[in-house]
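Structure at a glance
One-letter residues, chain by chain:
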Amino acid sequence: MIIDKNQEMITIKVDKTFKERIIRQSNMEDKSVSEFIRNLINNELTRVDISKNQSYLSEILEIIIKNIIDEKLNTINKILESLYLKQELIIYLLKTFDKDNFEEEIEEFTTTYLEDNLRTIL
């Protein structure tokens with residue numbers, strides 16, 4: 001292969017049968033040999049670029065989906081935790097049902113069971 005930088009031209013040496021196939025195909029597509037080869041190379045390079053972009057976009061999409069699923073799972077876990085704690089509070093209150101004032105019971109529950117920093121869950 002010879003590349004002439006001054007004329008922006010590339011010369012490629014191929015065997016005779018390959019050259020005949022190229023000429024035959026270019027005639028079938030009603031193109032000159034150089035136009036046919038340029039189109040082939042351009043199409044191949046474009047296909048490679050598209051393939052790289054698809055691979056990159058696929059990875060990005062996979063990351064986005066994973067992040068969405070992780071966030072949904074975290075939200076579900078928080079909801080389940082809150083439901084469980086509310087259920088525990090109801091059970092605790094039912095055990096002390098004979099008392100009139102639930103305010104102290106709720107305060108005691110949130111302090112002993114949840115500790116002070118977790119009261120906001122309820």
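Here, the structure is the one placed above.
One structure accompanies this document, and this report is about it.

Conventions adopted
- Residues numbered from 1 in each chain as written.
- Predicted model: local features only at pLDDT ≥ 70, side-chain atom pairs only at ≥ 80, totals over all residues.
- Heavy atoms only, no water.
- Helix = DSSP H or I, 4+ residues; strand = E, 2+ residues; numbered from the N terminus.
- Buried < 20%, exposed > 50% of the residue type's maximum accessible area, 1.4 Å probe, protein only.
- Contact = heavy atoms within 4.5 Å.
- Areas by Shrake-Rupley, 256 points an atom, 1.4 Å probe, with all protein chains shown as cover.
- Salt bridge = Lys/Arg side-chain N within 4 Å of Asp/Glu carboxyl O.
- Expected span 1.5 Å × (residues − 1).
- Axes fitted to C-alpha atoms, helices over the stretch in contact; angles between N-to-C directions.
- Parallel < 35°, antiparallel > 145°, perpendicular 65-115°, else oblique.

**Brief notes about the overall build of the chain**
Of the regular secondary structure elements, the chain holds 3 helices and 2 strands. Classification of the 122 residues of the chain by burial places 10% in the buried group. Here the analysis covers contacts within the chain between residues at least 6 apart in sequence; of these, 25% occur between residues at least 24 apart. Per element, the accessible surface of the chain, about 10,900 Å² overall, is 57% carbon and sulfur.

**Details of the pattern of salt bridges**
Enumeration over the complete set of coordinates arrives at 2 salt bridges. Its salt-bridge partner being E29, residue K31 comes within 3.5 Å of it at the nearest N-O pair. By relative accessible area, K31 is classed as partly exposed at 25%. Judged by relative accessible area, E29 falls into the partly exposed class, the value being 36%. Two residues, K66 and D70, come together in a salt bridge whose shortest N-O distance is 3.0 Å. In this pair, K66 and D70 are both assigned in helix α2 (residues 33-95), 4 residues apart and thus about one turn of the helix distant. The exposure class assigned to D70 is partly exposed, which follows from its relative accessible area of 32%.

**Focus: helix α1 (residues 16-28)**
Here α1 contains 13 residues, and its C-alpha end-to-end distance of 18 Å stays within 8% of the 18 Å for a straight helix at 1.5 Å per residue. Immediately downstream of α1, the backbone of D30 shows phi near 55°, a positive value.

**Considerations on the packing of α1 against α2**
One way to put it is that α1 packs onto α2 with a least axis distance of 9 Å and a crossing angle of 90°. On the basis of their axis angle, the class for α1 and α2 is roughly perpendicular. Across from I22, I23, Q25 and S26 in α1, the residues of α2 making contact are V33, F36 and I37.

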